[in-house]
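For reference, the chains in residue letters:
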Amino acid sequence: MLLTTVNSIFAFIFLSFAYSALRRASPLLMTGWYAIQGAVQRPDYRHDVESRRAISNGGRFLIGGLFWGISGLVSGGAGLYFGLQVVRLWQG
């Protein structure tokens with residue numbers, strides 16, 4: 001019974017972190033992607049300093065979103081693992 005409770009707590013913690021991490025990843029990914037796409041559509045984006053700065057900032061947002069997304073997926077996997085352990089312990 002104690003093992004089931006501990007696994008349930010871990011599953012809840014990991015799944016709640018996964019939910020919040022994936023919610024944070026989505027706006028960062030979209031902002032970074034749109035910032036890069038908007039700057040690249042200019043004809044002289046390789047020589048314009050402001051375009052290069054916008055691409056650099058967009059890349060930072062994109063990398064931050066990727067890290068939040070990866071951490072959300074890993075945490076979701078851990079939450080799923082602990083959730084399955086709870087189900088297995090309840091069954092027998």
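Residues numbered from 1 in each chain as written. Predicted model: local features only at pLDDT ≥ 70, side-chain atom pairs only at ≥ 80, totals over all residues. Heavy atoms only, no water.

What about the packing of aromatic side chains?
Here is step 1 of the chain: All chains considered together, the criterion is met by four aromatic pairs.
Here is step 2 of the chain: A ring pair is formed by Phe14 and Phe82, whose centres lie 5.7 Å apart and whose planes are at 5°; its orientation type is stacked. Here the residue Phe14 occupies a position in helix H1 (residues 2-40), and Phe82 occupies one in helix H2 (residues 49-91), the gap between them amounting to 68 residues.
Here is step 3 of the chain: For Phe14, a relative accessible area of 29% gives the class partly exposed.
Here is step 4 of the chain: You can call Phe82 buried: its relative accessible area is 18%.
Here is step 5 of the chain: Note on Tyr81 and Phe82: the rings are 5.4 Å apart at their centroids and 70° apart in plane angle, and the pair reads as edge-to-face. (Phe/Tyr/Trp six-rings, centres within 6.5 Å; stacked < 30°, edge-to-face > 60°. Helix = DSSP H or I, 4+ residues; strand = E, 2+ residues; numbered from the N terminus. Buried < 20%, exposed > 50% of the residue type's maximum accessible area, 1.4 Å probe, protein only.)

Considering H2
Here is step 1 of the chain: Taking 1.5 Å of rise per residue, the 43 residues of H2 would be expected to cover 63 Å, and the 63 Å separating its terminal C-alpha atoms lies within 8% of that figure.
Here is step 2 of the chain: Taken as a whole, H2 has its buried residues at Ser51, Gly58, Gly59, Gly65, Gly69, Gly72, Ser75, Gly76, Gly79, Phe82, Gln85 and Val86.
Here is step 3 of the chain: Packed against the buried residues of H2 are H1. (Expected span 1.5 Å × (residues − 1). Contact = heavy atoms within 4.5 Å.)

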